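In case you want the letters, here they are:
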Amino acid sequence: MELKQYLSPDDINTWHRMVGQATNIVVLGHAGPDGDAMGAILALTHWLHKQGKQAVAMTPNPCPDFLSWLPGFSDVVFAKMARYKAQRLLNEADLLILLDFNAISRLEDLAPSVEACCAPRIMIDHHLNPEHCAELIVSDSAAAATCEVLFCMMHQLGAYDDIDTDIAECLYCGLMTDTGAFAYNSNRPELFHIISMLLDKGIDKDQIYRNVFYSYTEGRLRLMGYLLYEKMQYYAEEHTAVFSLTKEEMKRFNYVRGDAEGFVNLPLQIKGTRLSISLREDTEKALIRVSLRSIGSFRCDQMAEQFFNGGGHHNAAGGTLPNPMSEALKVVDQAIAASREQLINIES
Ligand SMILES: [Mn+2]
């Protein structure tokens, strides 16, 4: 089976020139790094090390604990926890590679330091409408994950033999987490071709599944029960679920970072659900994080842009609203009202 060839002959030259000239490379993932961001930055960092490059994986803030098994995790620089080191690395960098995000603003608190950094940039991503902020942009919104784009790129560059078990585990993690363990956005045969090539590298995909999905705290499971039982509103006519989570509630369930990860997907398990909306008070900033998930033709990205100061993909999007929660919930009501006809009538 043919894998996608993302790079034109010019792109290949650009890649070799930029990486070839670089001696200090910073490989950046987005704020609130997920399995795809972490998998991609670690896979690429491992590969650059194999080429004898100095490369450091960096994200603005830490990732959830269920990703701490990733090979190389302990070397990732979480800028928030190591401000001085992060700034020094950016000062010394002569190449930045941006993975799994399409705009510098996705780096949040780290964005100004990256904007100020003079090193040239390469972007590898799968989000829509990449910002023109890099000399080389390899982006495919049809790809399931940045790790898929990265794998195809490495393959095209003749680096398949360089992929060892560690790199394969990182790449597989991104493919698995960005598709909900291949439950959505994963119908293309190429994806499974890539997975079989990763299995050939000796990964244990069952173990990776357990590492990611069976590693929750007791508090998370109880919080999940509480949200579904006490907090979820279900609008049967609109086939839409809404729930909210405040800082107080998080405290009650001994919330640790990442404990609310994926909760927005849970209501989609109710037969016929077309849209799920979650609201969560940010634990650090005075704002509310909104997540949207849909099944079928409902456009989450459009609702996120119109009502929640955000954007995203067709079936998965997000944004933010100002406090308090009571006001944010009113905005959600407005958003549902505006799409009411569509939510009642569309095929799910
Ligand atoms: Mn991704």
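Fair warning: this is a prediction, and the values are worked out from it, not measured in the lab.

1. Digging into the overall build of the protein chain
Part 1 of the reasoning: Helix and strand counts for the protein chain come out as 13 helices and 12 strands.
Part 2 of the reasoning: Here the C-alpha radius of gyration of the protein chain, 20 Å, is about what a compact globule of 348 residues would show, namely 20 Å.
Part 3 of the reasoning: Here the contacts in the protein chain between residues at least 6 apart in sequence split such that 66% fall between residues at least 24 apart.
Part 4 of the reasoning: Surface summary for the protein chain: the accessible area is close to 15,800 Å², and the carbon and sulfur share equals 48%.

2. Describing the coordination of the manganese ion
Part 1 of the reasoning: Summarising the metal site, the manganese ion is bound by the protein donors Asp36 (OD), Asp100 (OD), His126 (NE2) and Asp178 (OD), whose distances to it range over 2.2 to 2.4 Å.
Part 2 of the reasoning: Every donor residue of the manganese ion comes from the same chain, spaced as D-x63-D-x25-H-x51-D. Here Asp178 lies in helix H6 (residues 165-178) and His126 lies in the loop between strand E5 (121-125) and strand E6 (136-139), a separation of 52 residues in the sequence.
Part 3 of the reasoning: For His126, a relative accessible area of 4% gives the class buried.

3. Brief notes about the domain arrangement of the protein chain
Part 1 of the reasoning: Domain annotation for the protein chain reports domain 1 (9-213) and domain 2 (219-345).
Part 2 of the reasoning: Placing a centre on the C-alpha atoms of domain 1 and another on those of domain 2 gives a separation of 28 Å.
Part 3 of the reasoning: Every contact between the two is made by 13 residues of domain 1 and, on the other side, 10 residues of domain 2.
Part 4 of the reasoning: Of the roughly 810 Å² buried between domain 1 and domain 2 on both sides combined, carbon and sulfur atoms contribute 45%.
Part 5 of the reasoning: If you sort the residues of domain 1 by the area they bury against domain 2, Pro64, Glu108 and Leu128 come out on top, with a joint share of 34%.
Part 6 of the reasoning: Counting across the domain 1 and domain 2 interface gives four salt bridges.
Part 7 of the reasoning: One salt bridge connects Lys285 with Glu108, and the closest N-O pair in it is separated by 3.4 Å.
Part 8 of the reasoning: Joining domain 1 to domain 2, the criterion identifies one residue pair in polar contact (both at pLDDT 80 or more).
Part 9 of the reasoning: Considered class by class, the residues forming the side of domain 1 that touches domain 2 number five nonpolar, four polar and four charged.

4. Here's the deal with helix H7 (residues 189-199)
Part 1 of the reasoning: Those residues of H7 that fall on the buried side of the exposure criterion are Glu190, Leu191, Ile194, Ile195, Met197 and Leu198. Looking straight down H7, one finds its buried side chains confined to an arc of 160°; they lie on one side.
Part 2 of the reasoning: Next to the buried residues of H7 lie helix H5 (146-156) and H6.

5. Let's talk about the sheet that holds strand E2 (residues 54-59)
Part 1 of the reasoning: The six strands are arranged E3-E2-E1-E4-E5-E6 in an open sheet whose pairing can be described as parallel. Only two strands of the sheet have a single neighbouring strand rather than two, namely strand E3 (77-78) and E6.
Part 2 of the reasoning: Looking at chain direction, strand E1 (residues 24-29) and E2 are connected through five bridges and run parallel. Looking at the pairing, Val27 lines up with Ala57 of E2.
Part 3 of the reasoning: Across the face of the sheet, helix H2 (residues 35-50) comes into contact with E1, E2, E3 and strand E4 (95-99) while running at roughly 170° to E2.
Part 4 of the reasoning: Against the sheet, H5 makes contact with E4, E5 and E6, and its axis sits at roughly 115° relative to E5, the strand it touches most.

6. What to know about helix H8 (residues 205-213)
Part 1 of the reasoning: Considered for burial, the residues of H8 that qualify are Ile208, Asn211 and Val212. Looking straight down H8, one finds its buried side chains confined to an arc of 90°; they lie on one side.
Part 2 of the reasoning: Of the surrounding secondary structure, the elements contacted by the buried residues of H8 are H6.
Part 3 of the reasoning: A side-chain oxygen of the first residue of H8 lies 3.2 Å from the backbone nitrogen of Asp206; this N-cap is Asp204.

Conventions and cut-offs
- Residues numbered from 1 in each chain as written.
- Predicted model: local features only at pLDDT ≥ 70, side-chain atom pairs only at ≥ 80, totals over all residues.
- Heavy atoms only, no water.
- Helix = DSSP H or I, 4+ residues; strand = E, 2+ residues; numbered from the N terminus.
- Rg over C-alpha atoms; globule rule 2.2 N^0.38 Å.
- Contact = heavy atoms within 4.5 Å.
- Areas by Shrake-Rupley, 256 points an atom, 1.4 Å probe, with all protein chains shown as cover.
- Donors = N, O, S within 2.8 Å, 3.2 Å for Na, K, Ca; no water.
- Buried < 20%, exposed > 50% of the residue type's maximum accessible area, 1.4 Å probe, protein only.
- Domains from an automatic or database assignment.
- Buried area = accessible area lost by both parts, 1.4 Å probe.
- Salt bridge = Lys/Arg side-chain N within 4 Å of Asp/Glu carboxyl O.
- Polar contact = N/O pair within 3.5 Å; in protein donor to acceptor, adjacent residues only side chain to side chain.
- Nonpolar A, V, L, I, M, F, W, Y, C, P; charged D, E, K, R; others polar.
- Arc of directions from axis to C-beta.
- Pairing = 2+ DSSP bridges.
- Axes fitted to C-alpha atoms, helices over the stretch in contact; angles between N-to-C directions.

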